[in-house]
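Summary of structural features
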Amino acid sequence: MELRELEYVVSIADAGSLSRAADKLYMAQSSLSQFLSRLETELGTKLFVRTSGGVRPTLSGEIYIRNARQILRQYRMMKTELRDMERPSEGRIEFGISSFRGEYLLPKVLERFRETAPGVEVVLHEMNSIYLHKQILSGELDMALVAYPEGAGPGRERHARKIKRDEVMLVANKEHPVMQYVKIGQGGPPRPWVELSEILHFEFLLSDHTTMLGDSAQRLFRALGQAPRALNTNLTASFAAALARQGLGLAFTYRSCAIAQPDVEYLSVGKNRFYVDLMLLYPTGGYRSRAIRGLEETLRQCLEEGENL
């Protein structure tokens, strides 16, 4: 058995299709199919069954895939530890982050990190929180930046480290009539804020509830016992924020994703504000290399600087 074989089978499982897995592996589908047939013959059992939408693991396949992931994770951790001993200024980090947060945060983080650690490769995996969790559990990511409802946390099956409370805010154009409802201070935060209950008659631009930002918005509305006025409820966070900046509605965003613009206002929600916890996830029992610790520190610094918005 070779590590390459394990990687092929895991790729097929993740892709759910021989053709998609072959594309990811930069190989011909026929070659991947022949490999799988040979392996199944050698093992004396089927690992996958074909379906109308691709392939799915058999019971034997699930056993093989679970063990393959563990072996690949252990091998990657071993290589990381050895590299740390021999070449501490080099390394490779498999880092996962959501598209929206990554768009605003990572360019600055990676630019600064490259200045301090030019020999470290950072491989980005852009996906939503559900998939980030799965990739961390399987050990395919070294670390991931994920948001959780404040105080919730990821559970014992993952190692997590809280790095920041991130405020969920509203983004609005300064010409939007919501500005008539804005307060500063008055028993609330010393920055512009609104009572959500007072602005429900305005149109909201919302993300899907399966995203953390969409879920946070739903929590706020459920607490009021009222549904928002919203025609668009399945927008990406970046699209919703862009529309709101043009005055086409109100959208939720994170303070860490807010960029100061002369015609845009970011509004706290309620007197007590509303937060999520930003946490770095790591595989349980995984080795945190010097490179990983360095990237974590750079993330912390950039997030702290964002408080000055």
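Parameters at a glance
Residues numbered from 1 in each chain as written. Predicted model: local features only at pLDDT ≥ 70, side-chain atom pairs only at ≥ 80, totals over all residues. Heavy atoms only, no water. Pairing = 2+ DSSP bridges. Helix = DSSP H or I, 4+ residues; strand = E, 2+ residues; numbered from the N terminus. Right-handed = clockwise from strand over helix to strand, strands pointing away. Core = buried A, V, L, I, M, F, W, Y, C linked by side-chain atoms within 4.5 Å. Buried < 20%, exposed > 50% of the residue type's maximum accessible area, 1.4 Å probe, protein only. Contact = heavy atoms within 4.5 Å. Axes fitted to C-alpha atoms, helices over the stretch in contact; angles between N-to-C directions. Parallel < 35°, antiparallel > 145°, perpendicular 65-115°, else oblique. Left-handed = near helix turned anticlockwise from the far one by under 90°. Nonpolar A, V, L, I, M, F, W, Y, C, P; charged D, E, K, R; others polar. Disulfide = S-S within 2.5 Å. Patch = residues over 30% accessible without salt bridge, like charges linked within 9 Å, V, L, I, M, F, W, Y side chains within 5 Å. Areas by Shrake-Rupley, 256 points an atom, 1.4 Å probe, with all protein chains shown as cover. Salt bridge = Lys/Arg side-chain N within 4 Å of Asp/Glu carboxyl O. Phe/Tyr/Trp six-rings, centres within 6.5 Å; stacked < 30°, edge-to-face > 60°.

1. Looking at the pairing of strand 10 (residues 229-235)
- Relative to strand 10, strand 9 (residues 203-207) runs parallel, the two sharing three bridges. Within the sheet, the bridge partner assigned to Leu 205 lies in strand 10 and is Asn 232.
- Handedness of the crossover joining strand 9 and strand 10 through helix 7 (residues 212-224): right-handed.

2. Remarks on the nonpolar core
- Grouped together as the largest cluster of nonpolar side chains are 49 residues, with contacts concentrated most on Phe 95, Leu 170, Leu 196 and Phe 252.
- In contact with Leu 196, other than residues within four places in its own chain, are Leu 170, Phe 204, Leu 220, Phe 221, Leu 224, Phe 252 and Val 269.
- Counting residues in each nonpolar core, the second largest holds 19 residues, with Val 9, Ala 21, Ala 22 and Leu 32 among its members.

3. So, the packing of helix 1 (residues 3-15) against helix 3 (residues 29-43)
- Direction vectors running N to C along helix 1 and helix 3 enclose 110 degrees, while the axes themselves pass 11 Å from each other. Considered as vectors, helix 1 and helix 3 are oriented roughly perpendicular to each other. For helix 1 against helix 3, the interelement crossing comes out left-handed. Across from Glu 5, Tyr 8, Val 9 and Ile 12 in helix 1, the residues of helix 3 making contact are Leu 32, Phe 35, Leu 36 and Leu 39.
- A breakdown of the residues in the contact of helix 1 with helix 3 according to their chemical character gives seven nonpolar, no polar and one charged.

4. Comments concerning the state of the cysteines
- Counted according to the given criterion, the structure contains zero disulfides.
- No disulfide involves Cys 302; its sulfur sits 13 Å from the nearest other cysteine sulfur, which is in Cys 257.
- Owing to a relative accessible area of 5%, Cys 302 belongs among the buried residues under this scheme.

5. Points about a nonpolar patch on the surface
- A contiguous nonpolar surface patch, about 280 Å² in accessible area, is contributed by Tyr 75, Met 78 and Leu 82.
- Along the polypeptide, Met 78 turns up in helix 4 (residues 59-86).

6. Brief notes about the packing of aromatic side chains
- Tallied over the full model, the rule gives seven aromatic pairs.
- Measuring from centroid to centroid gives 5.2 Å for Phe 100 and Tyr 104, while their planes differ by 75 degrees, and the two rings are edge-to-face. Residue Phe 100 and its partner Tyr 104 are located together in helix 5 (residues 99-116), separated by four residues, close to a single helical turn. Across this residue pair, the class does not change: Phe 100 and Tyr 104 are buried.
- Taking 5.3 Å as the distance between ring centres and 85 degrees as the angle between the ring planes, the aromatic pair formed by Phe 204 and Phe 221 counts as edge-to-face. Placement of the pair is Phe 204 in strand 9 and Phe 221 in helix 7, with a sequence separation of 17 residues.
- Take Phe 204: its relative accessible area is 0%, and that puts it in the buried class.
- Residue class for Phe 221 comes out buried when judged on its relative accessible area of 2%.
- Taken together, the aromatic side chains of Phe 100, Tyr 104 and Tyr 254 make up a single cluster linked through ring pairs.

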